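Tertiary structure, described
Spelled out, the chains give:
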Amino acid sequence: MLFLFALLIGLLYGAAVYLLLRRNIFKLVLGLIFLGHATNLLLFVAGGLTSGFPSFIRNIPGEVEKMADPLPQALILTAIVISLGVTAFALVLVYRFYSVTKTVDLDELSENE
Amino acid sequence: MLVLPIILPLFFMVVLIFTRRWLAFQQHFSLLATVILTLVSAFLLMDIQENGIATLQVGSWIAPYGITLVVDLLSAIMLVTVSFIAIVIMIYSPGFIDKGRQSAGYYPLSFGLLMGVNGAFITGDIFNLYVWYEVMLTSSFVLIALGGSAEQLRGSIKYVTINFIASIFFVAGIGILYGLTGTLNMADLAYKLRAAGHIPYLDGALMLFFIAFSVKAGLFPFFFWLPASYHTPPIPITALFAGTLTKVGIYTMFRFYSLFIVDNTMFWKAFILVIAGLTMTIGVLMAASQYDIRKILSFHIISQVGYMVMGLGLFTAGSIAGAIYFMVHNMLSKTNTFLAGGLVYQRSGSYDLKVLGGLYKSNPMLALLFFVPAMSLAGIPPLPGFFGKFFLIKGGFEAGDYLITGVAILVGLFTLFSMVKIWNEAYWKKETGTLPKGKVSRRAIASTSLLALAVVLLGIFAGPVSDITLEAARQVVLPDLYINAVLGR
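Residues numbered from 1 in each chain as written. Chains lettered and ligands numbered in written order. Predicted model: local features only at pLDDT ≥ 70, side-chain atom pairs only at ≥ 80, totals over all residues. Heavy atoms only, no water.

Some words on the overall build of chain A
On a plain count of helices and strands, chain A comes out with three helices and zero strands. Helices (α) and strands (β) of chain A occur, in sequence order from the N terminus, as α-α-α. Here the C-alpha atoms of chain A give a radius of gyration of 19 Å, more than 25% beyond the 13 Å that 2.2 N^0.38 yields for 113 residues. Each of the three principal axes of chain A carries a C-alpha extent, and together these read 70 × 25 × 15 Å. Taken over 113 residues, chain A has a buried fraction of 36%. Surface exposure of chain A reaches about 6,900 Å², of which carbon and sulfur atoms provide 69%. For chain A, the distance from the average position of its 7 positive side-chain charges to the average position of its 8 negative side-chain charges is 9 Å. (Helix = DSSP H or I, 4+ residues; strand = E, 2+ residues; numbered from the N terminus. Rg over C-alpha atoms; globule rule 2.2 N^0.38 Å. Buried < 20%, exposed > 50% of the residue type's maximum accessible area, 1.4 Å probe, protein only. Areas by Shrake-Rupley, 256 points an atom, 1.4 Å probe, with all protein chains shown as cover. Lys, Arg positive; Asp, Glu negative; His and termini not counted. Charge placed at Lys NZ, Arg CZ, Asp CG, Glu CD.)

Put into structure tokens, the structure is as follows:
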């Protein structure tokens with residue numbers, strides 16, 4: 001399981017970097033989204049994977065030790081909300097950029113007026 | 001008491017959001033609000049000087065389980081400086097920023113930014129720190145794009161992208177650190193790291209943090225976003241960013257280095273000193289080659305940040321105290337030079353040194369207002385920049401690191417060169433005669449003078465201030481004080 005997760009995270013990071021290096025500005029935003037997801041998964045895995053014991057569902061005394069750690073899940077929830085907000089802002093920003101400059105080319109970002 | 005620097009800006013922000021139509025009210029209320037914030041922070045500083053590090057366990061969840069708020073002297077000094085800068089900006093802004101931007105949410109957003117900055121200074125929880133960083137950054141994202149001119153949009157896209165990526169590094173570091181230690185409370189983490197000795201992969205997590213904070217602080221090799229975006233918004237926004245944002249990154253580095261670097265100290269020290277040397281040298285060389293006032297000053301931020309990191313790398317009480325003093329001086333002087341640059345723009349409608357000229361003859365007041373902070377940055381006594389550099393260089397010699405100290409002295413020379421360049425081109429040389437003669441707002445002059453006065457006072461009272469910074473440095477160098485205060489041992 002751990003191996004599969006590691007593979008998935010690596011794939012997501014790879015895709016994110018690939019997208020960030022494209023010239024299309026919408027792909028840049030897509031890359032940021034991927035980057036956020038990869039890191040959320042990393043947070044999830046680094047907190048330790050537990051299967052079959054969801055936290056707080058079965059409160060049997062003596063089994064608390066085996067329970068999945070709820071904290072990384074709470075952290076991911078926060079991180080997801082934050083990256084949602086930033087992504088929404090980035091999309092508006094990029095759209096505004098598009099409507100002002102009529103291009104989606106990142107080379108337009110350089111300032112050789 | 002400890003929550004006030006976070007709660008008050010939130011309250012002010014909400015009030016300002018609902019009163020967006022009444023511009024005059026917004027201007028006066030913001031000024032009043034920043035004055036209140038400064039008073040509260042100053043009171044906190046005095047309280048901590050007297051009673052030592054203050055902590056608050058939010059919701060009465062004791063230390064490692066809940067979120068702890070901690071204010072030590074370093075945090076308190078930063079709080080006071082930031083709120084004072086906010087006062088100056090709030091006096092300056094109505095005279096400079098156009099009405100459209102002002103009523104589009106400039107005031108509420110500024111308080112959002114202040115809330116994030118204050119939160120980052122106060123929190124004692126590493127994930128909470130990330131959240132405050134995001135509060136601060138999201139406000140700054142909107143502030144930098146506010147108005148939406150094509151130039152601003154270009155700058156904002158770079159700014160948003162690079163800061164988002166840095167945040168991702170930060171979160172990844174938090175995840176790995178939590179996996180290694182099982183705690184997020186900074187004091188508890190520090191305690192566990194000290195008890196455990198060597199933890200494998202720890203340096204990986206710390207390096208992720210280092211990358212995240214060096215992006216935010218503008219260290220070599222991650223500084224290119226700063227001069228590419230800082231010059232695009234109106235100058236009060238740039239000045240606010242220059243005075244606060246990068247320094248939050250530096251503050252966090254101080255905190256993390258003091259608490260978490262227990263293993264491999266030799267490596268980290270050498271590494272940070274190398275980065276510091278490269279940052280100050282490259283920053284100042286790039287500043288010297290620019291012709292836009294805002295760009296020269298932006299590259300200067302980078303070079304000066306190098307000095308602070310140098311103080312951190314040496315990590316003796318003397319050098320840290322010097323770095324803290326330098327940080328306060330830099331926040332004031334840097335904001336002041338940007339604001340003085342704004343005055344030039346109001347007068348002549350340009351930031352370009354090639355077309356500017358003759359301002360000393362036509363407006364000696366403007367020249368003086370630039371001269372004070374610029375000479376302070378260059379390190380001319382009796383201005384605070386001299387004492388800041390003096391403490392740092394003295395710290396360097398005491399620690400026996402002659403190479404970095406030599407670099408620091410040399411960079412000081414180049415700093416003087418690039419300040420003199422602005423002075424010569426904009427103020428000293430003959431008027432080019434083609435520029436419009438704009439009217440300089442009185443509020444802008446008043447606030448810039450206030451800040452220049454603060455700079456001079458910081459230099460005159462270098463003795464008493466350096467006593468406080470030395471005490472703050474002692475708390476940084478001996479993290480046990482911090483750890484015990486939080487964990488209540």
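Some details on the overall build of chain B
Helix and strand counts for chain B come out as 20 helices and two strands. Its C-alpha atoms give chain B a radius of gyration of 21 Å, near enough to 23 Å, the size a compact globule of 489 residues would have. The principal-axis extent of the C-alpha atoms belonging to chain B is close to 70 × 55 × 40 Å. The 489 residues of chain B split such that 65% are buried.

A short note on the confidence of the model for chain A
On average, residues of chain A carry a pLDDT of 85, and 93% of them reach 70 or more. The lowest-confidence element of chain A is helix H3 (residues 70–101) of chain A, averaging 90 in pLDDT; the highest-confidence one is helix H1 (residues 2–20) of chain A, averaging 93. (pLDDT = per-residue confidence, 0-100.)

So, the pattern of salt bridges
Residue and element names in this part refer to chain A. Applying the stated criterion to the full structure yields seven salt bridges over all chains. Across the salt bridge formed by Arg-23 and Asp-105, the nearest N and O atoms sit 2.5 Å from each other. Remark: Asp-105 occurs in the segment after H3 and Arg-23 occurs in the loop between H1 and helix H2 (25–46); sequence separation between them is 82 residues. The class of Arg-23 is partly exposed, set by a relative accessible area of 49%. (Salt bridge = Lys/Arg side-chain N within 4 Å of Asp/Glu carboxyl O.)

Considerations on H3(A)
Residues and elements named next belong to chain A. The terminal C-alpha atoms of H3 lie 46 Å apart, and with 32 residues this matches the ideal 46 Å at 1.5 Å per residue to within 8%. A side-chain oxygen of the first residue of H3 lies 3.0 Å from the backbone nitrogen of Leu-71; this N-cap is Asp-69. Backbone geometry just downstream of H3 places Lys-102 in the positive-phi region, at approximately 55°. (Expected span 1.5 Å × (residues − 1). Polar contact = N/O pair within 3.5 Å; in protein donor to acceptor, adjacent residues only side chain to side chain.)

A word on the interface of chain A and chain B
At the junction of the two partners, chain A supplies 32 residues and chain B supplies 32 residues. Here chain A meets chain B over a buried area of about 2,700 Å², counting both sides, of which 80% is carbon and sulfur. Summed over the shared surface of chain A and chain B, the number is zero salt bridges. At the boundary of chain A with chain B, the tally comes to one residue pair in polar contact (both at pLDDT 80 or more). Looking at the side of chain A that touches chain B, the elements with two or more residues in it are H1, H2 and H3 of chain A. For the side of chain A that touches chain B, the element with the most residues is H3(A), which contributes 15 residues. For the side of chain A that touches chain B, the class distribution of residues is 21 nonpolar, seven polar and four charged. (Contact = heavy atoms within 4.5 Å. Buried area = accessible area lost by both parts, 1.4 Å probe. Nonpolar A, V, L, I, M, F, W, Y, C, P; charged D, E, K, R; others polar.)

Topic: the nonpolar core
Counting 205 residues, the largest nonpolar core has Ile126(B), Tyr159(B), Phe170(B), Phe209(B), Phe241(B), Phe260(B) and Tyr427(B) as the members making the most contacts within it. Per element, the largest residue contribution to this core is 16 residues, and it comes from helix H10 (residues 235–260) of chain B. Apart from residues no more than four positions distant in its own chain, Tyr159(B) is found in contact with Leu137(B), Ser140(B), Phe141(B), Ile144(B), Trp225(B), Ser229(B), Tyr230(B), Phe241(B) and Leu245(B). Counting residues in each nonpolar core, the second largest holds six residues, with Ile9(A), Leu42(A), Val45(A) and Leu208(B) among its members. (Core = buried A, V, L, I, M, F, W, Y, C linked by side-chain atoms within 4.5 Å.)

With respect to the side chain of Thr38(B)
All names here are of chain B. Among the structural elements, Thr-38 can be located in helix H2 (residues 23–51). A distance of 2.7 Å separates a polar side-chain atom of Thr-38 from the backbone oxygen of Thr-34. Here Ser-83 takes part through its backbone oxygen, which lies 3.3 Å from a polar atom of the side chain of Thr-38.

With respect to a nonpolar patch on the surface
The grouping of Met1(A), Leu2(A), Phe3(A), Leu4(A), Leu7(A) and Leu49(A) at the surface amounts to a nonpolar patch, some 680 Å² of accessible area in total. When you line up the elements, Leu2(A) lands in helix H1. (Patch = residues over 30% accessible without salt bridge, like charges linked within 9 Å, V, L, I, M, F, W, Y side chains within 5 Å.)

Observations regarding the environment of Ala6(A)
Secondary-structure assignment places Ala6(A) in helix H1. In the structure, Ala6(A) is positioned 17 residues away from Arg23(A) in sequence and 28 Å away in space, judged by C-alpha atoms.

Concerning the packing of aromatic side chains
All names here are of chain B. Counted under the stated rule, the structure contains 44 aromatic pairs over all chains. Arranged with centres 5.6 Å apart and planes meeting at 85°, the rings of Tyr-133 and Phe-170 form a pair that is edge-to-face. Here the residue Tyr-133 occupies a position in helix H5 (residues 126–145), and Phe-170 occupies one in helix H6 (residues 150–181), the gap between them amounting to 37 residues. The exposure classification of Tyr-133 matches that of Phe-170, with both residues buried. (Phe/Tyr/Trp six-rings, centres within 6.5 Å; stacked < 30°, edge-to-face > 60°.)

Describing the packing of helix H3 (residues 73–92) of chain B against helix H19 (residues 462–477) of chain B
All names here are of chain B. Look at H3 against H19: their axes get within 8 Å of each other, and the N-to-C directions meet at 135°. The orientation of H3 relative to H19 falls into the category oblique. Here H3 contributes Leu-73, Leu-74 and Ile-77 to the contact with H19, which in turn contributes Ile-468, Thr-469, Glu-471, Ala-472, Gln-475 and Val-476. Taken together, the residues of the contact of H3 with H19 break down into six nonpolar, two polar and one charged. (Axes fitted to C-alpha atoms, helices over the stretch in contact; angles between N-to-C directions. Parallel < 35°, antiparallel > 145°, perpendicular 65-115°, else oblique.)

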